[in-house]
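Reading the structure
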Amino acid sequence: MTLFGTTIGVQEIASLAGMLAILALWIAAFRSEKRQIRWFRDWEAGRKARRDAEISGANNDRPKTGPWG
C-alpha cells in the first residue's frame, strides 16, 4: 500500500491503529474527568445551598413558643 508516494507496511498500519486507539482512550478519560468535576461542583453548590437554607430557616421561620421561646 502506498500513501503519498511512501510504501506503508503492516508495522506502520499497526502503529497508526494503536495511536488512534490511545487517542480514543485519552478522549474518553478526559470526558469522564470533566463529568466528575462537573458533578462534584454541582453537588458542592447544592450542599452549600441546603446548608445556607437550613441555617437561615432555623433562625427566622420558627415561632418562639414553649418555656424557652
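Quick note: structure is the one above.
Residues numbered from 1 in each chain as written. Predicted model: local features only at pLDDT ≥ 70, side-chain atom pairs only at ≥ 80, totals over all residues. Heavy atoms only, no water.

Section: the environment of M1
For M1, the location among the structural elements is in the segment before β1 (2-3). Taking relative accessible area as the criterion, M1 reaches 69% and is therefore assigned exposed. In this structure the C-alpha to C-alpha distance between M1 and I13, which are 12 residues apart in sequence, comes to 9.9 Å. If we ignore the near neighbours within four places in the chain, the residues touching M1 are T6, T7, I8 and I13. (Helix = DSSP H or I, 4+ residues; strand = E, 2+ residues; numbered from the N terminus. Buried < 20%, exposed > 50% of the residue type's maximum accessible area, 1.4 Å probe, protein only. Contact = heavy atoms within 4.5 Å.)

Let's talk about the packing of aromatic side chains
Across all of its chains, the model carries 3 aromatic pairs by this definition. Considering the side-chain rings of W39 and W43, the 6.2 Å spacing of their centres and the 15° angle between planes classify their relative orientation as stacked. Placement of the pair is W39 and W43 together in helix α1 (residues 10-60), with a separation of 4 residues, close to one helical turn. Relative accessible area serves as the criterion here: at 38%, W43 is assigned to the partly exposed category. Three or more aromatic residues link up through ring pairs in this structure, and these residues are W39, F40 and W43. (Phe/Tyr/Trp six-rings, centres within 6.5 Å; stacked < 30°, edge-to-face > 60°.)

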